[in-house]
Every structure is written in C-alpha cells, then in structure tokens.
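# Residue-level structural notes
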Amino acid sequence: MASLAEPSPSAEALDAFRIEARDWIAAHFPPALKGVDMSRSALEGPSDKSADKEAWRIAMGEKGWGTPTWPQRYGGGGLSDAEARVLQQELARAGASNPIGGMGVMMFGPTLLEFGSEEQKMEHIPRICRAEVRWCQGYSEPNAGSDLANLQCFAEDKGDHYIVNGQKTWTSGGQWADKCFALVRTDKSKKQGGISFLLIDMDAPGVEVKPIKMISGLSPFCETFFTNVAVPKTNRVGDEGQGWTIGKRLLQHERTNISGGRMGGGVSLSELAKACVGTDAEGRITDGELRARIAKLEMDGRAFAATAMRVAQEGGVSVASSILKINGTKLMQERSELLIDILGMQGLGWEGEGFTNEQIEAVRVWLFGKATTIYGGSTEIQTNIVAKRILGMPDMG
Amino acid sequence: MAKLSEEQEMLRDMAQNWVRGESPVGAWRKQRDADTVAGYDSAVYGEMAAMGWTGITVAEAHGGSDFGWMSLGLVVEECAKTLTASPLVACAIAARAIALGGTDEQKAKYLPAIASGELVATIAVDEGPRHDPATITSKVADGKINGTKAFVAEGDSAGLFVVAATDGLYLVEDGAGVTKSRRQMVDHRSHAEVRFDGAAADKLTGGGDGLLDRVLDHARILTAAEMLGMSQQAFDQTLEYLKQRVQFDRILASFQALQHRMADLFGDIELTRSAVEAGLGALDSMGDNGDLGQIAAIAKARANDSLHRMSREMVQLHGGIGMTDEFDAGFYLKRARPLEAAWGNSSFLRDRFARLGGY
Ligand SMILES: Cc1cc2nc3c(=O)[nH]c(=O)nc-3n(C[C@H](O)[C@H](O)[C@H](O)COP(=O)(O)OP(=O)(O)OC[C@H]3O[C@@H](n4cnc5c(N)ncnc54)[C@H](O)[C@@H]3O)c2cc1C
C-alpha cells in the first residue's frame, strides 16, 4: 500500500546529515533547556522571553529547522522528509524541543504555502519560521460551530479594502496573538460560496478580545469582536468566495496535528500502575481490569501510530485526517482518564498541599483534553465526513 | 422509578422544590468560588436539618424519623441534581455505623446530635488514594488510636469520626490527637487527610465481623444515589440543549446519530436507577441479608459507569460551551471522578461482586 512520494536520500547522505545536525545542535542548543518542553509555549500563555529560550528560538528560526520541510526560499529548512526525521531524532537525542510552533506552523503556514500569493508567502512564512508572529484562528462564531459555513462575520467591499464587522468565539490564544486568519462572509447570497479567507491584525483598531475561563481553570481562549475593522484586500488569501475551500484544507492540517499531539508522551501508565496498585508474584498489576485497559490502550496506540505513518506515506493531509483525529483524540482522552483512575484520589488534586505539580498538571490536562473531541471539527462531524466522503453514504436531507 | 408511598412522594416533591428554589447550581457556584475549607455552607445544612433530612435514617428513639433509606435516597438524589454541597451522606453513613455497632450509651450520646444536624460525623476508612479496606493499619492500643486516613469525605468539618482500625470500628472525636489537613480537590469539596496520634478511641463492639463491610455497602448505595441524581440532571439538561441548539438549520436533536446516543444514555441511566433503587430497598427491607454486598456493588458500579459516561457526554454534546467555566457541565465532570473513586471504583466493585459470587 505504501507509496513514497519522493526518492529517499542515500544512506550515506543521511549519515552525513546526521553528523551535521548533531554538530549544529551541540553548538547552538543551550544545555539549560535540556528536557524543557517548548512546544506549547508558542500556543499557550504569554511568551516566555528568557535568554536561553530566545537564543534557541533565534538559532532554530534562522536555520529554518523549526519548519524543516518548508522551502528554503521562505525561510524553511528545505529538508526532505527523511532528513527531517533524522533531525527530529537528533533533537530528541539532545533533549531539545522545537521552539518554533503554534498555529502558524501547524495550520496556517502549510495552507498559505498552498494557496497564498508569492507576496503573501514572502511576507508571512519567514516570520512563522522564526516564530516572530503568533497566529490565531477566527473561524467559530456563536451560531457557527459545527455548522461553520453558517458564519455571519461580514467583510464589506470598500474598493481596496474591506470593513469587517462581527463576532468570533473560542479563539484560542486570541489574547496573545499578533494576527488572525479568519473566515468571513463577503457574499450573503451563498452559504459556502460566500466565504473568504482574510488575514487580520489583532492590534488593528476595532479588534477586541475577551478571555473566556475554561473548566480547567485557565483562560486559553477568547471571544473576539470586530467593529469596523479595515483590512486591505491584499490580506485576502485566494479569491473572493474561495475561503471555504482554503479554510477546510487548513482544518485538515489542524486535525492531523491535534491527533498527533502529546500521544504516547509522559509517564508510563504500566509503571505507574505497578507502583500505585501493586503487583503479584509474577510482576503483573494486581487489578486485572486495569491491567487489561492499559494493555488495550498501548496496543491501540501502536496501531494508531502505524496508521498515522501510513497516512503520511500515502500522501499527506487528506480526509484520512478525520480518521486520525477521531481515534487520536479518543486515545488521548482514554489515557488521561486511565491516569487519574490509577492515581485514585491522588489524581484529582486541584491545587495546594498534598499533590505534586505533575499530579495537578495531569488534572488540568485531563480537563482540557475534553476539548480535543470538540475543536478542529468535533468527533461527530468527523464521523459524518468519514461516512459521507469516504464511505459514500448519502444524506437523506 | 420505584413505587413510592404517599409520604415518600411528598418528601421528594419537597426536596425538589427546595433544591430548585433555594439551592440551584448557582448556589454551588457561589460556594465553589467562596472556596471554604468545609466545602459547604453550614446555614444550608441547617436548613436541611430543619426539614428533618438529617434524621431520615435515624431511629425515632434517637431523634430521627426512621423514614428509611429509600426516602433518604430520594433527598440525596434531588440534592445531587444541583450539586448541593452538604455532609448529609457522610453523616447518614456514620450514624448507621453507630446504630449497627454501638452500645445504647454510644447511640444515645451521638445519634440525636447527628439527627438534629448539630454534629457532623463521617467514616474514615481508606489510608491511601485508592479504596482498599483490606489494608488498614491504623491501630488502637489502650483506647488510643494511631494512624492516618486519606481523603476523608467531610473530614474538614467533622466533629466525630468512625474510624476503621485493624480490629474494628472506633469512634474518635475531633480534638486532642486529631490533625486535619485540607486537600483541595477538583470537586472543591472536603476530602481531608486526618491523622490520629493517640486520640481517644471508643470501640463499636456490636455488629459482628461484617460491620465494616455493611457500613461500606451503605456508603456505596447512598453514594450511588447521589451519582444517579447527577447523571439524571446531566442527561436532562443535555437533552434540553439538543432540542434548542440549531446548527445546519435544524435542532441538533433532529440528527439521528444524536437521537441514538441519547436513547442509549437514557436506557443506561434507567438501568442504573433500578440498581440504585434495589440497593436502597435492600437497605430498608432485609437488614442483614447476605446478598447486600452484591446489590451494593451493582448499584455503585453502575452509577460509576453511567456518571462517567454522562459527565463526558454532557461536555461533548454542548460543544465549546461545555468547556467553559461559566457553564455547569464542568461541575458534574469534576464531582463525578472523586465519587467514582470513593468506596470502590468499578473494577474494585466488579472484583468484589465476582468474589462474593464465588468466582
Ligand atoms: C478549547 C477550544 C478551543 C477552540 N479554539 C478555536 C479557535 O482557535 N478558533 C476557532 O475558530 N474555533 C475554536 N474552537 C471552536 C470549535 O471549533 C467549536 O467548538 C466546534 O466546532 C463545535 O462547535 P460548537 O461549540 O458550536 O458546538 P455545536 O456545533 O453546537 O455542537 C454541539 C454538539 O453537537 C454535535 N453535532 C453538531 N452537529 C452534528 C451533526 N450534524 N451530527 C451529529 N452531531 C452533531 C457536536 O459534535 C457537538 O457534540 C475551540 C473550541 C474549544 C472547545
């Protein structure tokens, strides 16, 4: 089944690249950051500008290796998939995390590379590669969630620019973002066909954000209001009315990323269960049902990883992203539930005495994780996509 | 729904009206934000006591109404619907332990105070984060107890503890030799660590060898009633929402995938309701029937599984709103997990059921 899209570089060339990568990392990676996860910092919370982190971000950004497979002419690393995998291994070996991330890297960049004009790519991609600009996603509205095409936020044509009015909601990181890629309505007479893809400065006059508190206690998303916001037409990606097509492609990137996030990372559930629950003479976890659940999760996790690999080899981002998202998020949630189940009451701390930071973090992750089956197109919507687009099962209307 | 007596129907209606009027979820939100150590408002518990709820399962001779567990279950279920915080469940269980195992003197000393709502009492059994009554190490010598109890429900406000020690249950009053440490948990209710360093301990000598198991079975069944109320409310509210939220120019409730989901959840909760009612009924009718262990395991395991599922579905089916603190769904999710872990998670209870069944 597998079909590799590109010829693989020779083994010798890869070995040479491995040495190059290893040397470069040794020369540039601040040892103090060993084991520090920087992948979330681009997404969540205000930027952390400590000197080491800044230095590492700048080094990786200038080298283009934070976005290793993106074209070099736009600031990417220009590496092949095989080289990028080697780089990934070498970073992991050094305990280094990729400081270049966020929605710009995961969703917007790849979409702009596909649909943007040359000027737009030159303007935005290099700054994403260097993590200089934070992007947020202005898709959902109070009455346009699963039914995204129902969005009403309106961009009125004013010749060389639009005037945007309307509300977005659940805008992740909106309070920290510099720019927003938004779906707006440019034509009220057509549902999907009346949507356009606009890039909006978050500090433009008339943009207001109001953070929303989440069940995990944090406020990582916002309501975003646009009141007479002027947006130059040069900030429209694609043609007028092409927003739905572009916006959906971006969602495929989003889904692929959500499904892969933090899978398999963290503590070993079986080791934790051994310690918390105990083992019999043969070293088996004494709670047989728990043992079976852990085994099932690990087995399904491996099958999932194999599927993700297969999808990548068979041609990148596609409707298969729906299958990845459905299953990846299900496994992540099951993992979180298992983790607190193993810890019992100790796994349910909110703050204060008697709990480690890791235990409290696990509770917050468990709660936040409930969002993964909702955002990026809910599990139900993905299931509809699989039924209709892959299986050809028709709508009764 | 079990066939209720006229008095029981009146009690349920009264509870329903009080909860709706005086203790909606908004009251819990205020309590949560107030973030007090006790985890509930003692004025509210006073109101419950004034309505006689704190004495429903206490004998008339000791100041209660002896109205039974089915009746108390109705009240607990209604209170749980809006997450009304109180030590009602903990007190009823502790009082039961005293009624089953105490001397006349012990009963006379404590039961009237519990029945009137003056005294908060609770059972202190587990010593680790997972329910495991087989590994108790707290020890009593010369009438003094030593040991540490973990995550004691309502432990922060309790004036009396029914403590499981290696050789049985003991009554220990709060005071010298008792140290409480608050644990701030995801449900914002009280689950204190309680350390006993030579505190005076008065043994419950009656009730036989199976006393602890019987007390725990009471706790399992009454906790299951609480969880049933939460599941029911989470379900009702979700159904209501699906009937009014419009996407794709139609209400979400018109999508067959969601109709099937809700129909399935409905049936699931109905089975749990039967199991919980069977448990409450068993506590009322058979007293020491040997089957109680299995009946309690069924009730609590079903309540665990139904609430686990429903608390997740409530968030999921509300979409983005379900994830916000401003909306109530998170409260149900956060209260569900500590209750699931209390007195046996489902795998513990299934194991217990199988053992009692001889396999
Ligand atoms: C933490 C978080 C972060 C987010 N970040 C962003 C962001 O950065 N930018 C952005 O634009 N949006 C963001 N979202 C919004 C997210 O994309 C929407 O919440 C999602 O699309 C669902 O829409 P909704 O909340 O309106 O739920 P609804 O569409 O009202 O859905 C409610 C429930 O009904 C189900 N449902 C809906 N239609 C059907 C159907 N036809 N068949 C079966 N079931 C159906 C849904 O699956 C869901 O379970 C975020 C959401 C969360 C929770």
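## Topic: the packing of helix α1 (residues 11–28) of chain A against helix α2 (residues 51–63) of chain A
All names here are of chain A.
- Axis separation between α1 and α2 bottoms out at 10 Å; the angle between their running directions is 150 degrees. In the crossing of α1 with α2, the sense of the turn from one axis to the other is right-handed. Facing α1, whose interface residues are Glu20, Trp24 and His28, α2 presents Trp56, Ala59, Met60 and Lys63.

## Concerning the sheet that holds strand β8 (residues 191–200) of chain B
Residue and element names in this part refer to chain B.
- The strand order across the open sheet formed by 4 strands is β2-β3-β8-β6, and the pairing between neighbours is antiparallel. Looking along the sheet, the strands with just one partner apiece sit at the ends: β2 (139–141) and β6 (178–181). Across the sheet, the mean angle separating the axes of adjacent strands is 15 degrees when strand polarity is ignored.
- Two strands pair when backbone bridges link them, and β2 and strand β3 (residues 144–153) are joined in this way by 3 bridges, in the antiparallel orientation.

## A closer look at the sheet that holds strand β9 (residues 202–203) of chain B
Residues and elements named next belong to chain B.
- The 4 strands lie next to each other as β1-β4-β5-β9, forming an open sheet whose pairing is mixed. Looking along the sheet, the strands with just one partner apiece sit at the ends: β1 (121–124) and β9.
- Contacting β1, β4 (160–165) and β5 (168–173), helix α5 (residues 88–101) crosses the sheet at an angle of about 75 degrees to β1.
- Sitting on the sheet, helix α6 (residues 104–115) touches β1, β4, β5 and β9, and the angle it makes with β5 is about 65 degrees.

## Considerations on the site of the ligand
- Of all residues adjacent to the ligand, which total 30 residues, the nearest are Ser146, Trp170, Ser378 and Glu380 of chain A together with Arg245 of chain B.
- Each of chains A and B places residues next to the ligand.
- Between the ligand and glutamate 380 of chain A, the relevant distance is 2.6 Å, taken from an oxygen atom to a side-chain nitrogen or oxygen of the residue.
- The separation between an oxygen atom of the ligand and a polar side-chain atom of arginine 245 of chain B is 2.7 Å.
- Starting from 970 Å² of accessible surface for the ligand in isolation, the protein chains cover 96%.
- Listing elements by their share of the shell around the ligand, those giving two or more residues are β3 (161–172) and α11 (379–390) of chain A together with α9 (292–318) of chain B.

## Describing the nonpolar core
- Ranked by size, the top nonpolar core spans 131 residues in total, and within it Trp53 and Ile123 of chain B carry the most contacts.
- The element contributing the most residues to this core is helix α7 (residues 211–244) of chain B, with 15 residues.
- Counting residues in hydrophobic clusters, the runner-up holds 46 residues, among them Ala82, Ala96, Val105 and Ile195 of chain A.

## Describing the domain arrangement of chain B
All names here are of chain B.
- Once the domains are mapped, chain B shows domain 1 (6–90 + 106–115), domain 2 (121–203) and domain 3 (211–356).
- Taking only C-alpha atoms, the centre of domain 2 and the centre of domain 3 are 28 Å apart.
- Contact residues are listed per partner, giving 13 residues for domain 2 and 15 residues for domain 3.
- Summing both sides of the interface, domain 2 and domain 3 together bury roughly 1,200 Å²; the carbon and sulfur share of this comes to 74%.
- Counting the surface domain 2 buries against domain 3, the share from its top three residues, Ile123, His131 and Leu169, is 44%.
- Linking domain 2 to domain 3 there are 1 salt bridge.
- One can count 2 residue pairs in polar contact (both at pLDDT 80 or more) joining domain 2 with domain 3.
- When grouped by side-chain class, the residues that make up the side of domain 2 that touches domain 3 number 7 nonpolar, 2 polar and 4 charged.

## A look at the side chain of lysine 121 of chain A
Residue and element names in this part refer to chain A.
- Position of lysine 121 relative to the elements: it lies in helix α5 (residues 118–129).
- One buried charged residue, lysine 121, forms no salt bridge at all, with the nearest opposite charge on glutamate 118 at 4.7 Å.
- In this structure the side chain of lysine 121 is engaged in a polar contact, spanning 3.1 Å, whose partner is the backbone oxygen of leucine 113.
- Aside from chain neighbours lying at most four places away, what touches lysine 121 is Tyr74, Leu112, Leu113, Gly116 and Pro126.

## Observations regarding the packing of helix α9 (residues 320–343) of chain A against helix α10 (residues 357–369) of chain A
Residues and elements named next belong to chain A.
- With their axes 9 Å apart at the nearest point, α9 and α10 run at an angle of 145 degrees to one another. Of the two possible hands of crossing, α9 and α10 adopt the one that is left-handed. Contact with α9, carried on its side by Gln333, Ser336, Glu337, Leu339, Ile340 and Leu343, involves Gln359, Ala362, Val365, Trp366 and Gly369 of α10 and no other residues of that element.
- For the contact of α9 with α10, the per-class residue count stands at 6 nonpolar, 4 polar and 1 charged.

## Concerning the pattern of salt bridges
- Enumeration according to the criterion identifies 57 salt bridges over all chains in this entry.
- Put simply, arginine 12 of chain B and aspartate 13 of chain B hold a salt bridge, and the shortest N to O gap is 3.5 Å.
- Glutamate 127 of chain B is the partner of lysine 149 of chain B in a salt bridge, and the nearest nitrogen-oxygen pair spans 2.8 Å. In this pair, lysine 149 of chain B is assigned in strand β3 and glutamate 127 of chain B in the loop between β1 and β2, connecting sequence segments 22 residues apart.
- Overall, lysine 149 of chain B belongs to the buried group, its relative accessible area being 0%.
- Accessibility expressed as a relative area gives 25% for glutamate 127 of chain B, which makes it partly exposed.
- Overlapping salt bridges, with partners in common, bring together Glu337 and Lys370 of chain A together with Arg312, Arg337 and Glu340 of chain B in one network.

Criteria and thresholds
Residues numbered from 1 in each chain as written. Chains lettered and ligands numbered in written order. Predicted model: local features only at pLDDT ≥ 70, side-chain atom pairs only at ≥ 80, totals over all residues. Heavy atoms only, no water. Axes fitted to C-alpha atoms, helices over the stretch in contact; angles between N-to-C directions. Helix = DSSP H or I, 4+ residues; strand = E, 2+ residues; numbered from the N terminus. Left-handed = near helix turned anticlockwise from the far one by under 90°. Contact = heavy atoms within 4.5 Å. Pairing = 2+ DSSP bridges. Near = heavy atom within 4 Å. Polar contact = N/O pair within 3.5 Å; in protein donor to acceptor, adjacent residues only side chain to side chain. Areas by Shrake-Rupley, 256 points an atom, 1.4 Å probe, with all protein chains shown as cover. Core = buried A, V, L, I, M, F, W, Y, C linked by side-chain atoms within 4.5 Å. Buried < 20%, exposed > 50% of the residue type's maximum accessible area, 1.4 Å probe, protein only. Domains from an automatic or database assignment. Buried area = accessible area lost by both parts, 1.4 Å probe. Salt bridge = Lys/Arg side-chain N within 4 Å of Asp/Glu carboxyl O. Nonpolar A, V, L, I, M, F, W, Y, C, P; charged D, E, K, R; others polar. Lys, Arg positive; Asp, Glu negative; His and termini not counted.

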